[in-house]
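What follows is each chain in one-letter form.
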Amino acid sequence: GIQVEQSPPDLILQEGANSTLRCNFSDSVNNLQWFHQNPWGQLINLFYIPSGTKQNGRLSATTVATERYSLLYISSSQTTDSGVYFCAVARNSGNTPLVFGKGTRLSVIA
Amino acid sequence: DAGITQSPRHKVTETGTPVTLRCHQTENHRYMYWYRQDPGHGLRLIHYSYGVKDTDKGEVSDGYSVSRSKTEDFLLTLESATSSQTSVYFCAISAGEGSYGYTFGSGTRLTVV
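Residues numbered from 1 in each chain as written. Chains lettered and ligands numbered in written order. Predicted model: local features only at pLDDT ≥ 70, side-chain atom pairs only at ≥ 80, totals over all residues. Heavy atoms only, no water.

**Considerations on the pattern of salt bridges**
Close approach of charged atoms lets side chains of opposite charge pair. Going through the model one piece at a time under the given rule, you end up with 6 salt bridges over all chains. The residue A:Asp81 makes a salt bridge to A:Arg58 at a minimum N-O spacing of 2.9 Å. Separated by 23 residues along the polypeptide, A:Asp81 in the loop between strand S8 (69-74) and strand S9 (83-90) and A:Arg58 in the loop between strand S6 (52-56) and strand S7 (59-64) bring together distant segments of the chain. The exposure class of A:Asp81 is buried, given its relative accessible area of 6%. Close ionic contact of B:Asp73 with B:Arg22 constitutes a salt bridge, the shortest N to O distance being 3.1 Å. Highlighted residues: B:Asp73 in strand S8 (residues 73-78) and B:Arg22 in strand S3 (residues 19-25), separated in sequence by 51 residues. (Salt bridge = Lys/Arg side-chain N within 4 Å of Asp/Glu carboxyl O. Helix = DSSP H or I, 4+ residues; strand = E, 2+ residues; numbered from the N terminus. Buried < 20%, exposed > 50% of the residue type's maximum accessible area, 1.4 Å probe, protein only.)

**Regarding the nonpolar core**
In this structure, A:Leu21, A:Leu32, A:Trp34, A:Leu72, A:Cys87, A:Val89 and A:Leu106 are the most contacted members of the largest nonpolar core, which totals 21 residues. Of all elements in the fold, only strand S2 (10-14), strand S3 (19-25), strand S4 (31-37), S7, S8, S9 and strand S11 (104-109) of chain A reach the threshold of two or more residues within this core. (Core = buried A, V, L, I, M, F, W, Y, C linked by side-chain atoms within 4.5 Å.)

**Things to note about the pairing of S8(B)**
All names here are of chain B. Among the 6 residues of S8, 5 are classified as buried, and the element is accordingly described as predominantly covered. Sheet topology note: the S3/S8 ladder contains 6 bridges and is antiparallel. Bridging from a neighbouring strand, Leu21 pairs with Leu76 of S8. Relative to S8, strand S7 (residues 64-70) runs antiparallel, the two sharing 5 bridges. Within S8, the residue paired with Ser67 across the bridge is Leu75. Taken together, S7 and the strand that follows it, S8, pair antiparallel across an intervening segment of 2 residues. (Pairing = 2+ DSSP bridges.)

Written out as structure tokens, the structure is:
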């Protein structure tokens, strides 16, 4: 099946710093989503981004489908950005379930 | 998220007992999914449903069964719980057909002793 690799596995930032999280996948995909799991365990959908670039406040994401990677940018990080960021992909945009990477654990220190 | 609820939120059960987890949605979404989350593994798919009475297996389906008798409910059953099934279980929903973003429930923490 499709493989999803996220890097780095862990990241510690000072508040206000910027960061880039990477997601590599082993096959062509038509569905790619980024999620944030907060320290209380809740999973929040950040982006549905099978290709192109999207921005939402301090967060933005870019997927280069032809090169099989996606990047999540966090600018001016805040302590509330802490948690685990997951990338998930599927070959088809229909009912094919998402396959998740193992995540990047981000800790933002005040 | 208010449109999807999981119950119970926490459960401790003994090895060998049957356990049923419930996922309830009010969004009328077609697709529903059960994932488990374990340290070092991210989220792994157990079973999913693409409509009432339409279900399929995921990556880690052994020891689990599911049922979906109506759109709003997706049940996950551990027929005979084992310690390896101690995990956090998440349900997710998706409308599909042009709106593929997943919405997750708050999770059920299951401990099998």
